[in-house]
Amino acid sequence: MRLLAYVQSLASRFLRRDQLEAEMADELRAHLELRADDLVRSGMSRTAAERQARIEFGGQSRFKEEARDMVAGRMIETVVRDARLSVRQLRKSPSFAIAAIVTLAMAIGANAVVFSAINGFILRPLDLPNERSLYVVERTADKASSESYLNYIDLRDRTRSFESLAGFSPDQLWITSGATPSRVWAFQVTANYFDALGIRPYLGRFFHAADDQGINSAPYAVLSYPYWRTHFDGDAAVVGRTIRINKQPYTIVGVAPEGFRGTILFFSPDLFVPMVNQPQLDGTNQLTSRGQRLFAVIGHLKAGVTPTQAVSELDALGQWLEKTYPKENEKLRFMLGRPSLNGDGLAAPMKAFLGGLMLLAALILIAACTNLGSLFAARAAERSREVALQLALGASRIRIIRQLLSEAVVIALIGGAVGLWGSVLVLQWLSVWHPFPQFPLNMPVAADGRVYLVALALSVASGLVFGAVPLRQVLRTDPYAIIKAGAPAGAPRRLTARDLLLVAQIAVCALLVMSSMVALRGLSRSLRADFGFDPHNVTLVETDLAMAGYRVPDMPAMQRRMIDALQTIPGAEAVALIGQAPPILFVSNGSKVFTETTADLEPASAVTAAVMYSVSPDYFLAAHTRLVSGRQFTWHDDASAQRVAIVNQVFARRVFGSPAGAVGRFYKLPDGARIQVVGLIPDGKNSLNLADEPQPAMFFPILQSPYSDSWLVIRSERDLSQLSTAIRAKLHGLDPGLPSFIETWTTAMQGALFAPRMASITLGVLGAMGAILSVTGIFGMAAYSLTKRLKELGIRVALGAQQGEILRAALGRPFKVLLFGSAGGLVLGVLASRVLSFIVYQATPRDPIVLAGVVLAMFVVGLTATWIPARRALLVDPLILLRDE
Amino acid sequence: MSKPAPLLQGTLDLIVLEMLRAEPTNGYDLTLRIQAVSSDVLQVNAGSLYPALYRLEERGLIRATWRETDTGRRAKFYSVTAEGRKQLADQRKAWERFSGAVAAILKRA
């Protein structure tokens, strides 16, 4: 109630403030009259009495101000008036205002963008109902959420902690209803998926647990909203229609709600199909193998169940599973993760990267604030005369400080608004960005209320921070001294706090410049890195034989036919085939490896795990992978011959102790197969994260390890468009229903290079900002010290000083600051190299090119920043200076 | 006559409320009365009295009306509101405890 009354009084007073002022004046007059009356009564003349009354009362304007401050509504009025005055002041010095606004806009913009990314990826992951209680079940061993179908069924049926557990797995499918197969990205989900998440369909219905009547029993599809809009024109009659997915008929039962993009951030699937139909879609049944980890597990905790309770229950179930199925299960301990990046294995580095970025963005903001702080201090010093005059005329110091602060806040708000506007543009661009067209990438980074709020808070806070820098200066001002003697020329002190601030700022900026250079170097290196193969001039053709209706026994012959057909294309130097994607495009399948003498093939007794590929004989030729020793595969390495493998050097070291002599030796796979190593290749890259150490890898002949996915690898100097026409024609000649997706190997590798590339771009942008901030910082300082010493310089010129001497006098100090700052930045950069190498591929700041680049960049910064002040110093005309003042 | 004592911080509100509770009056008379009642020990500057009055009015502890004085001048007369009386009682209690405590300490010495 009181608050309401206060607001009312505030409003009414604000509205009738003229009346209020008049009333105050009236009361003041009444007081003076009454006093004068008394004085007259004691024998004074009327005039003398009135004079006396006024003197007794003291300073009236001060009284008015204090009295006004007591009244509500005053606050708003003051703020409005101060703001108006500030804008007027700033318009008087537009270059100062623009420099300040641009500086701050950059800093706030950078922070807004980084915060949006954090907001989109970490704070606000999926936007599902009751997201607080939604968790993915991860294994502690590898921090990945991925279970076999059979393990999942046991977890789902036995857990008491979850409302229900659902599973999902991204998969690539082909829509074969049209003339040519088109590729879609789908989620294979358990039938209870939508119910477990608690969402309702936009159109039609979802499939439910009851639709799951066993393997291949649920030929239903749910379309995502965007796919429905783009591929079915938003036609409501689509429900009930049948489409062919991987040549099988599926009924569209419904459309998912508009905002629903599945349960992995980054990814937006086109449709959802039931997991139980996996055998039908893929041609091989993966649901019956307990050891095959297929999909992520997700669910809502029951009300009142804490994550800790749930984990201990899951661990108990895990122990039970290990005991019951020891061959397929090991280390079944669980943890719960937020459903966003599908497990902490991916989320943790993402968080680390974004955290690092936020730190850099904060550094930018701090640099901008120190920058603006010294600009403001310079401005306050220039205006010291004006301030002194105001003080002498009775303005309170509070008033002057408030004025300075409100100028700072006005700048901050305008800068913040401009920065936010810029960041919204960048974010809009980012959220529709498709860096690799073959992925259904989803960037949930559009700005929302939280971002605006943070930007506003940062603007106001930074405004107050840099506005506060010159306060001490104002508080110390002695009006009489200044007015008598003019602006304090004072001998320049050896080192001021402001110089130190600037040195620190330059150091931070040099650090940013350096990190961006390290990042760019790393990027250019990663593009020319030794992958263990050469992706240039190679075209990949992705096909799927199971989908095209081939049965496992028929596949090898068809694969051979495809290779032979493509070899007849003019200009094709080498043609090969690799089952599943070539290295580093996707996470490759792996297997445990045992030494030849291991009898007990339990997971725990494995020597190592290795990624595996199935390749045709010419693969190493087509991929330009050099054989260290041994032989290539031939078509004679078939099902009836001794099983063989070509392994990399890490593999040989782990399994046989040393690469030398590995060729000819044997090892075992979990199914007991004895494999003979026939060739040895260099390590190369096998992991999605290029910065990872090389992993053990083994290549099998395709005839001994048949694979339905078939990626044709064609090395040719011809360009993609000609080549793809020829390839399509050849494949069409073999089988018109064969789906194919053609791209160059380098394009396909965008995915693997995405993270380092993003990191490099971001660091590059931050580095450029750092450079710009150093320029404005040094410029501000140089211009300021020049203004202060203009008179002295004029006298020097008059006394016949040479140009060099003038320059040294005018700009020696800024250059020293730049020098110390840059040196500090270099040292910091070398110290921070660990952090950088975490993000950037092969980052090392001890790289001479990087060091030279930073020095050069800072030199250019110095030149740019002091160019204008230097010209001004050289053009100093002693006559004008001497006439002034 | 000894020099007028400076006002303790925060006591002006208490004094003003008490004086106005005894009798509603205008700002000028209030200054005289404070001086008289305190036997010239407390002297209140008009420059700080009025802001205090506005503050109290703003907080709803006193209210003001324009009336004619005995000498026929128009002046603003202040009186204490119910809210003001409550506040006064509270402040008085707090003051008594405070001054009692200070007195006790001083007596001990």
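Preceding this paragraph is the structure being described.
What counts and what doesn't
- Residues numbered from 1 in each chain as written.
- Chains lettered and ligands numbered in written order.
- Predicted model: local features only at pLDDT ≥ 70, side-chain atom pairs only at ≥ 80, totals over all residues.
- Heavy atoms only, no water.
- Helix = DSSP H or I, 4+ residues; strand = E, 2+ residues; numbered from the N terminus.
- Buried < 20%, exposed > 50% of the residue type's maximum accessible area, 1.4 Å probe, protein only.
- Contact = heavy atoms within 4.5 Å.
- Areas by Shrake-Rupley, 256 points an atom, 1.4 Å probe, with all protein chains shown as cover.
- Pairing = 2+ DSSP bridges.
- Phe/Tyr/Trp six-rings, centres within 6.5 Å; stacked < 30°, edge-to-face > 60°.
- Lys NZ or Arg CZ within 6 Å of the ring centre and 35° of its normal.
- Core = buried A, V, L, I, M, F, W, Y, C linked by side-chain atoms within 4.5 Å.
- Domains from an automatic or database assignment.
- Patch = residues over 30% accessible without salt bridge, like charges linked within 9 Å, V, L, I, M, F, W, Y side chains within 5 Å.
- Salt bridge = Lys/Arg side-chain N within 4 Å of Asp/Glu carboxyl O.
- Polar contact = N/O pair within 3.5 Å; in protein donor to acceptor, adjacent residues only side chain to side chain.
- Expected span 1.5 Å × (residues − 1).

(A) Fine view of the overall build of chain A. In terms of regular secondary structure, chain A is built from 28 helices and 23 strands. The proportion of buried residues among the 885 residues of chain A is 50%. Counting contacts in chain A only where the partners sit at least 6 residues apart, residues at least 24 apart contribute 79% of the total. With the model as given, the accessible surface of chain A reaches about 40200 Å², and the carbon-plus-sulfur share is 60%.

(B) Region of interest: the pairing of strand 5 (residues 220-223) of chain A. With four bridges joining them, strand 5 of chain A and strand 7 (residues 248-255) of chain A adopt parallel strand pairing. Within the sheet, the bridge partner assigned to A:V222 lies in strand 7 of chain A and is A:G254.

(C) The arrangement of the packing of aromatic side chains in detail. Residue and element names in this part refer to chain A. Scanning all chains against the criterion turns up 29 aromatic pairs over all chains. An angle of 55 degrees between the planes, with centres 6.3 Å apart, marks the rings of Y193 and F260 as tilted. Taken as a pair, Y193 in helix 8 (residues 193-197) and F260 in the loop between strand 7 and strand 8 (266-267) lie far apart in primary sequence, 67 residues in all. Assigned by exposure class, Y193 and F260 land together as buried. Ring plane angle 65 degrees and centroid distance 6.2 Å describe the contact between Y227 and F232, whose orientation is recorded as edge-to-face. Residue class for F232 comes out buried when judged on its relative accessible area of 14%. Here the guanidinium or amino end of R674 rests over the ring plane of F666, the centre of that ring lying 4.2 Å away.

(D) Representation of helix 21 (residues 649-656) of chain A within the structure. Residues and elements named next belong to chain A. Every buried residue of helix 21 is listed here: V650, F651, A652, V655 and F656. Buried residues along helix 21 sit against strand 15 (590-595), strand 16 (608-615), strand 18 (644-648), strand 19 (666-668), strand 20 (674-681) and strand 21 (697-701). Once helix 21 finishes, G657 follows within two positions and takes phi at roughly 95 degrees, a positive value.

(E) The arrangement of the pairing of strand 13 (residues 538-544) of chain A in detail. Residue and element names in this part refer to chain A. In terms of burial, strand 13 is a largely internal element, seven of the seven residues being buried. Across the two faces of strand 13 the burial is the same, with V538, L540, E542 and D544 and T539, V541 and T543 all buried. As defined by bridge partners, strand 13 adjoins strand 22 (residues 709-716) across seven bridges and the pair is classed as antiparallel. The residue of strand 22 that forms the bridge with D544 is D709. Relative to strand 23 (residues 741-744), strand 13 is paired through four bridges, and the arrangement is antiparallel. The residue of strand 23 that forms the bridge with E542 is F741.

(F) Examining the nonpolar core more closely. Residues and elements named next belong to chain A. Residues Y193, F194, F260, F272 and F466 are the most contacted members of the largest nonpolar core, which totals 74 residues. The biggest single contributor to this core is helix 6 (residues 94-123), with 15 residues. Two domains each provide a minimum of three residues to this core, namely domain 2 (131-339) and domain 3 (349-528 + 752-883). Non-local contacts of F260, meaning those with residues more than four positions away in its chain, are made with L128, Y193, F194, L197, I199 and F272.

(G) Broad picture of the environment of B:G27. With respect to the helices and strands, B:G27 occurs in helix 2 (residues 27-37). Classification of B:G27 as buried rests on a relative accessible area of 2%. Distance in space between the C-alpha atoms of B:G27 and B:K76 is 7.3 Å, their sequence separation being 49 residues. Ignoring any residue separated from it by four or fewer positions in sequence, one finds B:G27 in contact with A:H31, B:L49, B:Y50, B:L53 and B:K76.

(H) Inspection of a nonpolar patch on the surface at higher detail. A contiguous nonpolar surface patch, about 490 Å² in accessible area, is contributed by B:W95, B:F98, B:V102, B:I105 and B:L106. Looking at where B:I105 falls in the secondary structure, it is placed in helix 4 (residues 82-108).

(I) The environment of A:E542, seen in detail. Residues and elements named next belong to chain A. Along the chain, the position of E542 falls in strand 13. Residue E542 is classed as buried on the basis of its relative accessible area of 8%. Expressed as a C-alpha distance, the spacing of E542 and L577, which sit 35 residues apart in the sequence, is 9.8 Å. The contacts of E542, once residues within four sequence positions are left out, are Q172, W174, R183, S710, W711, P739, S740 and F741. Separated by 2.9 Å, the side chains of E542 and Q172 make a polar contact.

(J) Main features of the side chain of A:T543. Residue and element names in this part refer to chain A. Tracing the sequence through the fold places T543 in strand 13. Of the residues examined, T543 reaches a relative accessible area of 2% and is grouped as buried. Once residues within four sequence positions are removed from consideration, T543 is found in contact with M562, S708, D709, S710, L731, L738, P739 and S740.

(K) Quick look at helix 3 (residues 46-58) of chain B. All names here are of chain B. Compared with an ideal rise of 1.5 Å per residue, which puts 13 residues at 18 Å, helix 3 spans 18 Å between its outermost C-alpha atoms and is within 8% of the ideal. Within helix 3, 11 of the 13 residues are buried, which leaves the element mostly enclosed by the surrounding structure. Taken together, the buried positions of helix 3 are A46, G47, L49, Y50, P51, A52, L53, Y54, L56, E57 and E58. In the segment just after helix 3, G60 is the residue with positive phi, at about 75 degrees.

(L) Main features of the pattern of salt bridges. All names here are of chain B. Enumeration according to the criterion identifies 26 salt bridges over all chains in this entry. Between R33 and E23 there is a salt bridge, with its nearest N and O atoms 3.2 Å apart. Residue R33 is located in helix 2, and its partner E23 is located in the loop between helix 1 (11-22) and strand 1 (25-26); the two are separated by 10 residues in the primary sequence. Using a relative accessible area of 25% as the deciding quantity, one classes R33 as partly exposed.

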